[in-house]
Amino acid sequence: GAVVSQHPSWVICKSGTSVKIECRSLDFQATTMFWYRQFPKQSLMLMATSNEGSKATYEQGVEKDKFLINHASLTLSTLTVTSAHPEDSSFYICSASRTGGGEKLFFGSGTQLSVL
Amino acid sequence: DAKTTQPPSMDCAEGRAANLPCNHSTISGNEYVYWYRQIHSQGPQYIIHGLKNNETNEMASLIITEDRKSSTLILPHATLRDTAVYYCIVRRNTGGFKTIFGAGTRLFVKA
């Protein structure tokens with residue numbers, strides 16, 4: 001089956017630094033990728049839709065200057081949390097759908113971000 | 001996308017069938033019913049999806065009512081490893097459409 005690789009699995013950083021999370025579709029091309037965040041014991045919250053070659057579309061209440069998304073190729077999208085603060089600590093998950101065959105959405109394994 | 005309603009939690013005995021209900025009364029004609037599950041601290045895993053016919057795969061069965069306003073996910077022989085949060089989602093069957101997660105059902109499989 002299709003695989004979405006997310007890296008790193010966990011990261012600890014100091015407040016004020018930036019953190020980049022990568023999401024790769026390993027065996028298929030993904031025109032669209034989605035980024036979610038999840039707090040403990042809560043559901044996944046959609047942050048933004050990442051479109052290859054164009055600007056990402058952010059959900060209401062998500063700061064686009066805070067969460068920079070780049071989708072430069074059909075297999076890679078990155079999420080950069082800029083000037084991270086403790087309240088940005090969360091579980092971040094990416095997902096991708098196969099170009100031309102959007103039946104299933106495949107998810108990465110998630111990145112646990114802890115900001116000290 | 002249509003909203004779904006699921007019970008917050010359910011218990012099931014190991015080896016028995018787990019039946020997880022989902023209401024999606026506002027589903028539109030071009031929206032599919034998808035089920036995903038999330039085991040603690042992992043990304044969601046696809047289980048099954050369908051439009052109007054019942055579906056079965058190696059993981060589960062999906063029963064959709066004739067009016068499509070509700071569905072049931074059936075795990076025929078639940079194991080301890082099936083303990084997870086199960087999400088019922090309705091969405092169009094096209095990759096560019098957003099997938100919005102509700103609260104899901106936390107299934108506890110007990111020995």
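Right above here is the structure, for reference.
Residues numbered from 1 in each chain as written. Chains lettered and ligands numbered in written order. Predicted model: local features only at pLDDT ≥ 70, side-chain atom pairs only at ≥ 80, totals over all residues. Heavy atoms only, no water.

### Examining the sheet that holds strand E7 (residues 70-75) of chain B
Residue and element names in this part refer to chain B.
- Taken together, four strands build an open sheet; the order of strands is E2-E7-E6-E5 and the sheet is antiparallel. Bordering the open sheet on either side are strand E2 (18-23) and strand E5 (55-56), each of which pairs with just one other strand.
- In this sheet, E7 lies alongside strand E6 (residues 61-64) in antiparallel orientation, the contact comprising four bridges. Residue pairing for E7: Ser61 is matched across the bridge by Ile74. (Pairing = 2+ DSSP bridges. Helix = DSSP H or I, 4+ residues; strand = E, 2+ residues; numbered from the N terminus.)

### Quick look at the state of the cysteines
- Taken as a whole and assessed by the stated rule, the structure comprises two disulfides over all chains.
- A disulfide bridge connects Cys23 of chain A with Cys94 of chain A, and the sulfur atoms are separated by 2.0 Å. Between Cys23 of chain A and Cys94 of chain A, the S-S dihedral sits near 80°, and the bridge is therefore right-handed. On the criterion of sequence distance, the pair formed by Cys23 of chain A in strand E3 (residues 19-25) and Cys94 of chain A in strand E9 (residues 90-98) is long-range, its members being 71 residues apart.
- For Cys94 of chain A, a relative accessible area of 0% translates into the label buried.
- Covalent S-S linkage joins Cys22 of chain B and Cys88 of chain B, the inter-sulfur distance amounting to 2.1 Å. (Disulfide = S-S within 2.5 Å. Buried < 20%, exposed > 50% of the residue type's maximum accessible area, 1.4 Å probe, protein only.)

### Some remarks on the pattern of salt bridges
Residues and elements named next belong to chain A.
- All told, the structure shown has five salt bridges over all chains when counted by the stated rule.
- Across the pair Lys66 and Asp88 runs a salt bridge, and its minimum N-O distance is 2.7 Å. On the criterion of sequence distance, the pair formed by Lys66 in the loop between strand E6 (57-58) and strand E7 (67-73) and Asp88 in the loop between strand E8 (76-81) and E9 is long-range, its members being 22 residues apart.
- Since its relative accessible area comes to 12%, Lys66 is described here as buried. (Salt bridge = Lys/Arg side-chain N within 4 Å of Asp/Glu carboxyl O.)

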